[in-house]
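# Commentary on secondary and tertiary structure
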Amino acid sequence: MKRRNFVDIFLGGSLLATIAAFLYPVARYVLPSRSAGGSVQNSVTAAKAGELPPNTAKVFKFGSAPAVLVNTGEGRLVALSGTCTHLTCTVRFDAETETLFCPCHNGRFDLGGNVLSGPPPRPLETYAVEVSGADIIVSRKS
Amino acid sequence: MNKRAIRLFAAAALFAPLLAFGQKNSCVECHNQLDDELKAPAAALAADIHAEFGLSCKDCHGGDPSQDDVELAKDKTFKGSPKRKDIPLFCGGCHADAAAMRAFNPALRTDQLSQYWTSRHGLLLKAGDTKAAVCTDCHGVHGILSAKYPKSLTFPWNIPQTCGRCHADKAFMKPYRLPTGQLEDYQASVHARALLEKKDLSAPACNDCHGNHGAFPPAVSSVASVCRQCHPSTGELFMKSPHKKAFDEMGAGECEACHGNHKILAPSAAMIGTGDGASCVLCHDKGSRGFEAAAEFRRQLDSFESGFRAAEGLLAQAKQKGVEVSDVEFKLQDVNTLLVSAKNLTHGLDRAEITLAVSEGEKALVGVREAGEKALDEARFRRRGLAVTTALLALFGVALALKIRHMTRGRVDKSRRVE
Amino acid sequence: MAKIGQSLWKFLDERFLLSGLIAFAKKKTVPEHRRSFWYFFGGICLFLTGIQIATGAMLLLYYTPHIDAAHESIQFIMSGVKFGWLIRSVHSWTANILIGLLFIHMFSTFFLKAYRKPRELTWVTGFLLLVLFMAFGFSGYLLPWNELSYFATRVGTDIAGSLPFIGDWLKTVILGGPEVSQATLSRFFWFHVALLPVAALLLIGIHILLVQTLGMSKPIGERSKKEIPFFPDFLYKDALGWTLILVLIGVLCVFLPWEIGPKADPLASTPLGIKPEWYFTFMFTTLKLVPAHILSIEGEKLAILAFMAGGLLWMLVPFLDKRAARETRSPVIGWIGVALALYIVIMTVLTYTAPNL
């Protein structure tokens, strides 16, 4: 009888331990962590309201690629993809001409993403900008 | 386009050739019946851009295409084939006449002829050398296609071959004592790889640096201006640097001195510094200020680049171990941009600027390295978790096996006892 | 501790009448003979289905079925959610293992002729379940919205669209429109988490009910009368198999986590060598090898119809195999099964060893 009890206890104990080992990842998975803000990078808080003076721009991360948030001379906020469509360098804002300029091969885009000159074959994707309280939120256009 | 419009268009396209039948062209009819060389012009005419505009043999050669008899067809307006030395003026008769060209294509330039006379080809022709290239050598004759069409001899990715027909021919170029390795050199360059392999039409062919109608090698002191059409920041940096004046005085061709002209390869940090293969030591002797600067720049770039490669390796390791690192790879791309920008800044020779760029990059690298280490930690955590879980499962499996054996034996005993 | 357990038991027993159930369950036995090893495969498939339901439900917590967010949500699950990489990799690996085991389960019951009277409906529901699970695989494959899944879906639905008469209509119904789009993603998501699970649970219910009611089939001419109790003997042996499979899945997920792949770009050209998941490749390669025209009928259409006819005949085997119904050996049917199994294996292997056919 003693042997039988040992086997049963061994079985029950190891079963419980295994179940616990499986429940641990499930619990961590289901319970939200502190850092997870927005689950999906479909819209991003690009900047704080008032962070950008007029005629300046900021490069921020949108999904897994760079994007540019521009505060134009007239105070209009525009956001576009920051990846040049020629050879994927990151474009930068040229305040003097109010255009987006790619330093690699002189590609130039207007603030609507259209190619003005240079080698880029396609326009830049534009994003929707929304000011929500103190945040400037950039999201993909549907 | 709606269906009706498509049908109308198709009908028009189908019937258009009949228009040609409407206008008799004895030149084409007759020449089509001849052989080889004499048939070629008539055969090629259908694809010619001039034919698309309603022009035909008589518009260039004169004559009367309504006459079947060859003597009558070749009337006193008949000009025959122009001699080579007369071809530029022959073509220029229309193409240099702005008023005439307006009737066909108002946007087309009309300065090709005047540009041509300034070119090396034009100057040679004027001096009496008929071997020099004339319009038909590059554009073809009779089957001329607009340069916008990929089959045209002057479409960007066909230009190297078109120029190379003469310029790569040793026997042909012998009397001019010009090298003939340019085509081969170009084909090994990054520009050729972009244009001919990746089909990037923004990459330069011969005409982008030499000009097309006004073709002439750029002067030594204007090479940087040519290159900066596509490499603006680099060109600007160079022109502001002390190298510009020095190179011009030495007669060294600016960008060309270090990067070559036709066989331009992808640059690397190996070109900078004081070791073998570095360009700096070609002029700067040991102990000179330039020598010291070269060594310092190389040292900075090397340390930055090796840090970058190490971070790259770290991420690759983590990725290979199955950890998702695309967020960090994004940051690494930023650092790559900084590295490229630092290498670019070496053209300006500004110590302060270069040091600033390199330190910015190394700061960013710190973040990447941290994230990479975190990713490797995650990989280790996963493996440890697997080991623990597998051990528990193995334990459970053993417990099960024991129980099964125990039970089976128990049942056998029971059944034996019953018997 | 034991007293609390006993009173809990008494409480449930009085309300659910559990004692009767337990008595019935205790009587259930499983034959043990040379070939009883194959009995385990049904249980493993059920176990893996349970894993799929559990991991699938958890993935639902973070997945978004919209083309602008699907790929990104998978990315988030793999990198931002704690153990998300594990849940997702388990789901993807188990799906493939499950379908493989379903094929083995089907062929083992076929060769053991477990489908013979009175178990015909067990076979029929089983075959329908195989079709459902392959539909699970097809619909689930699109959900990450990556390059491979987008084009595999396009190729797969193009094949459905080439059926005579109903092809175009069928393709539009499956895709929710003329081409793979947001409508398709929503629809495939609905298939995968609503329609197919309900249908599968129904069929599994019937399938298991039949197995419980009729007991396990013994191979024709099997003389051994040995039987072991289902509870707990057979169940413990089942559990041992399940434990081994769990270890395998764990190792696969840690060392070969499932890829995310590049996001689908409908404007990009089809990547070279695009093919469906391995369990469809035997049909895919057959279609590639079939000549363009056979007796003036399009080869592809003929092949698809042949597959459908073949599937129908396969499903109706219990009613066609008269000899087995009379408990006599039917080697002809057996050899047909061997031929089919070999065909499936050879075609699948060919897809990967000779991709440029």
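Residues numbered from 1 in each chain as written. Chains lettered and ligands numbered in written order. Predicted model: local features only at pLDDT ≥ 70, side-chain atom pairs only at ≥ 80, totals over all residues. Heavy atoms only, no water.

Once that is clear, we can look at the overall build of chain B. On a plain count of helices and strands, chain B comes out with 23 helices and zero strands. Here the C-alpha radius of gyration of chain B, 36 Å, is well above what a compact globule of 419 residues would show, namely 22 Å. Considered along the principal axes of its C-alpha atoms, chain B spans approximately 125 × 85 × 45 Å. For chain B, the proportion of its 419 residues judged to be buried stands at 29%. (Helix = DSSP H or I, 4+ residues; strand = E, 2+ residues; numbered from the N terminus. Rg over C-alpha atoms; globule rule 2.2 N^0.38 Å. Buried < 20%, exposed > 50% of the residue type's maximum accessible area, 1.4 Å probe, protein only.)

It is worth spelling out the side chain of Glu254 of chain B at this point. All names here are of chain B. Mapped onto the elements of the fold, Glu254 is located in the loop between helix H19 (242–250) and helix H20 (255–259). By relative accessible area, which is 1% here, Glu254 ends up buried. Residues in contact with Glu254, not counting those within four places in the same chain, are Val220, Ser221, Ser222, Val223, Ala224, Ser225, Phe238, Lys244, Phe247 and Asp248. (Contact = heavy atoms within 4.5 Å.)

A few words now on the domain arrangement of chain B. For interface size, the figure often reported is the accessible area lost on association. All names here are of chain B. When its domains are assigned, chain B resolves into domain 1 (218–265) and domain 2 (289–387). For domain 1 and domain 2, the distance between their C-alpha centroids amounts to 30 Å. Interface of domain 1 and domain 2: buried area, both sides summed, is about 570 Å²; carbon and sulfur atoms make up 64% of it. On the domain 1 side of the interface with domain 2, the three residues burying the most area are Thr234, Leu237 and His243, jointly 63% of the side's total. On inspection of domain 1 and its partner domain 2, the count reaches zero salt bridges. Linking domain 1 to domain 2 there are two residue pairs in polar contact (both at pLDDT 80 or more). (Domains from an automatic or database assignment. Buried area = accessible area lost by both parts, 1.4 Å probe. Salt bridge = Lys/Arg side-chain N within 4 Å of Asp/Glu carboxyl O. Polar contact = N/O pair within 3.5 Å; in protein donor to acceptor, adjacent residues only side chain to side chain.)

With an omega dihedral of 5°, the bond running from Lys117 of chain C to Pro118 of chain C counts as a cis peptide bond. Looking at the element boundaries, Pro118 of chain C is found in the loop between helix H5 (84–111) and helix H6 (120–142). Here the residue pair Phe231 of chain C and Pro232 of chain C is connected by a cis peptide bond, since its omega of -10° sits within 30 degrees of zero. If you trace the backbone, Pro232 of chain C turns up in helix H10 (residues 230–255). One non-glycine residue, His142 of chain B, lies in the positive phi region at around 75°. Position of His142 of chain B relative to the elements: it lies in the loop between helix H11 (135–139) and helix H12 (159–167). Even without a glycine there, the phi angle at Trp145 of chain C is positive, about 50°.

Before going further, it helps to spend a moment on the packing of helix H1 (residues 2–16) of chain C against helix H2 (residues 18–27) of chain C. Residue and element names in this part refer to chain C. One can describe the packing of H1 onto H2 by two numbers: an axis separation of 6 Å at closest approach and a directional angle of 90°. Of the possible angle classes, the one that applies to H1 and H2 is roughly perpendicular. When H1 is examined against H2, the residues Trp9, Leu12, Asp13 and Phe16 are found in contact with a partner set consisting of Leu18, Ser19 and Ile22. Residue composition of the contact of H1 with H2, by class: five nonpolar, one polar and one charged. (Axes fitted to C-alpha atoms, helices over the stretch in contact; angles between N-to-C directions. Parallel < 35°, antiparallel > 145°, perpendicular 65-115°, else oblique. Nonpolar A, V, L, I, M, F, W, Y, C, P; charged D, E, K, R; others polar.)

Here we come to the state of the cysteines. Structurally, a disulfide amounts to a covalent bond that connects the sulfur atoms of two cysteines. Summed over the entire model, instances satisfying the criterion amount to one disulfide over all chains. Through a disulfide, Cys89 of chain A is tied to Cys104 of chain A; the S-S separation comes to 2.1 Å. One disulfide, between Cys89 of chain A and Cys104 of chain A, carries an S-S torsion of -100° and so falls in the left-handed class. Placement of the pair is Cys89 of chain A in the loop between strand E4 (77–81) and strand E5 (92–94) and Cys104 of chain A in the loop between strand E6 (99–102) and strand E7 (107–109), with a sequence separation of 15 residues. Accessibility expressed as a relative area gives 23% for Cys104 of chain A, which makes it partly exposed. Among the cysteines around Cys227 of chain B, which has no disulfide bond, Cys255 of chain B carries the closest sulfur, lying 3.7 Å off. Given a relative accessible area of 26%, Cys227 of chain B falls into the partly exposed group. (Disulfide = S-S within 2.5 Å.)

This next bit is on a nonpolar patch on the surface. Residues and elements named next belong to chain C. A cluster of nonpolar residues, Leu121, Leu312, Leu313, Leu316, Phe319 and Leu320, forms a patch on the protein surface that exposes about 550 Å² of accessible area. Listing elements by their share of the nonpolar patch, those giving two or more residues are helix H12 (299–315) and helix H13 (317–320). Relative to the helices and strands, Leu121 is located in helix H6. (Patch = residues over 30% accessible without salt bridge, like charges linked within 9 Å, V, L, I, M, F, W, Y side chains within 5 Å. Areas by Shrake-Rupley, 256 points an atom, 1.4 Å probe, with all protein chains shown as cover.)

Listed per partner, the contact involves 25 residues of chain B and 25 residues of chain A. For the pair chain B and chain A, the summed buried area comes to about 2100 Å², and 68% of that belongs to carbon and sulfur atoms. Connecting chain B to chain A are one salt bridge. The closest approach of N and O atoms between Lys403 of chain B and Asp8 of chain A, which form a salt bridge, is 2.4 Å. Across the chain B-chain A interface, the total number found is four residue pairs in polar contact (both at pLDDT 80 or more). Where the side of chain B that touches chain A is concerned, the elements lending two or more residues are helix H18 (232–240), helix H22 (326–345) and helix H23 (351–418) of chain B. Of the residues in the side of chain B that touches chain A, the class split is 11 nonpolar, eight polar and six charged.

Another aspect to go through is the sheet that holds strand E10 (residues 135–139) of chain A. Residues and elements named next belong to chain A. Pairing in this open sheet of six strands is antiparallel, and the strands run E1-E10-E9-E4-E3-E2 from one edge to the other. Strands with a single pairing partner mark the edges of an open sheet, and in this sheet they are strand E1 (43–48) and strand E2 (56–62). The mean inter-strand angle of the sheet, taken between neighbouring strand axes irrespective of direction, is 30°. The pairing of strand E9 (residues 126–132) with E10 spans five bridges and is antiparallel. (Pairing = 2+ DSSP bridges.)

Right, let's get into H12 of chain B. All of the buried residues in H12 of chain B are Ile159, Pro160, Thr162 and Gly164 of chain B. Those residues of H12 of chain B that are buried are in contact with H11, helix H14 (182–187) and helix H16 (206–210) of chain B.

Before going further, it helps to spend a moment on the interface of chain C and chain A. Listed per partner, the contact involves 19 residues of chain C and 17 residues of chain A. Of the roughly 1500 Å² buried where chain C meets chain A, counting both sides, 70% is carbon and sulfur surface. Of all residues in chain C, Asp68, Lys82 and Phe83 of chain C bury the most surface against chain A, accounting for 33% of the area lost on that side. At the boundary of chain C with chain A, the tally comes to zero salt bridges. Here chain C is connected to chain A by two residue pairs in polar contact (both at pLDDT 80 or more). Ranked by the residues each element gives to the side of chain C that touches chain A, the list is headed by helix H4 (residues 70–79) of chain C, at four residues. Across the side of chain C that touches chain A, the residue classes tally to 13 nonpolar, three polar and three charged.

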